[in-house]
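# Overview (structure and organization)
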Amino acid sequence: MKKILLVYNRNLSSYRIDFLTSLIKTLENAKFEIIVTEDLKTASDSIKVEARIVSIIFDWESYDLNYLTDIADHNHDLPIFAIADNRTALDLVMQDLRMNIDFLQYDSNLI
């Protein structure tokens, strides 16, 4: 079974938790196993030892993009999805664009 790593702080607002819960259910229905952690260090370690992880999804506002460099350096092809509010300003530098990163917004209509 393919696995997706979901990284978020459990102290998120209720609409974000509701979105992530819905996302988890949708992905599980699509036969993905979801691994949840609050720590990007644990996520990085997991990716290095678990070959079945096919993607990482994380809350943009809980974690700095710099922490994903180690993950991206280990596996350049691993899709990384950052979830943020549609009014969130993204502070990116050209070096960040070398990662395989996409952005999603907290919007229950997208699931």
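What you see is a predicted model, and the numbers here were worked out from it, not measured in a lab. All residue numbers refer to position in the chain's written sequence, counted from 1. It should be noted that, the model being predicted, local features are given only for residues of pLDDT at least 70 and side-chain atom pairs only at 80 or more, the latter also being counted only at that level, while totals for whole chains, interfaces and linings use all residues. As a convention, hydrogens and water are excluded, and side-chain values are obtained from all of the structure's heavy atoms.

## Quick word on the pattern of salt bridges
To be explicit about the condition: Take a side-chain nitrogen of Lys or Arg and a carboxyl oxygen of Asp or Glu: if they are within 4 Å of each other, that pair is a salt bridge. Only runs of H or I of at least four residues qualify as helices and only runs of E of at least two qualify as strands under DSSP, and these elements are numbered from the N terminus.
Applying the stated criterion to the full structure yields 4 salt bridges. One salt bridge in this structure joins Glu50 and Lys3, with 3.2 Å as the shortest N-O distance. Taken as a pair, Glu50 in the loop between helix H2 (40–49) and strand E3 (53–59) and Lys3 in strand E1 (residues 3–7) lie far apart in primary sequence, 47 residues in all. Here Lys41 ties to Asp45 by a salt bridge, and the two come within 3.0 Å at their closest N and O atoms.

## As for the nonpolar core
Rule in force here: Note on terminology: a nonpolar core comprises buried Ala, Val, Leu, Ile, Met, Phe, Trp, Tyr and Cys residues joined through side-chain atoms within 4.5 Å. To sort residues, take the accessible area from a 1.4 Å probe on protein chains only and compare it with the maximum for the residue type: under 20% means buried, over 50% means exposed, and anything in between is partly exposed. Any two residues having at least one pair of non-hydrogen atoms within 4.5 Å are treated as being in contact.
One finds Val7, Leu40, Ile56, Phe58 and Ile71 to be the most contacted residues of the largest nonpolar core, which totals 17 residues. If you list the elements that add at least two residues to this core, you get E1, H2, E3 and strand E4 (80–84). Excluding residues within four positions of it along the chain, Val7 makes contact with Thr37, Glu38, Asp39, Leu40, Ala43, Ile56, Ile57, Phe58, Asp59 and Tyr63. By size, the runner-up hydrophobic cluster in this structure holds 13 residues, among which are Leu6, Tyr8, Leu20 and Leu27.

## Section: the environment of Glu50
Note the threshold: Identification of polar contacts relies on pairs of N or O atoms within 3.5 Å, with a donor-acceptor requirement for protein atoms, meaning one able to donate a hydrogen and the other able to accept it, and with residues adjacent in sequence counted only if both atoms are side-chain atoms.
Note on Glu50: relative accessible area 23%, which makes it partly exposed. Residues Glu50 and Lys3 lie 47 residues apart in sequence; the distance between their C-alpha atoms is 8.9 Å. In terms of polar contacts, Glu50 uses its side chain to reach the side chain of Lys3, at 3.2 Å. Of the polar contacts made by the side chain of Glu50, one reaches the backbone nitrogen of Arg52; its length is 3.2 Å.

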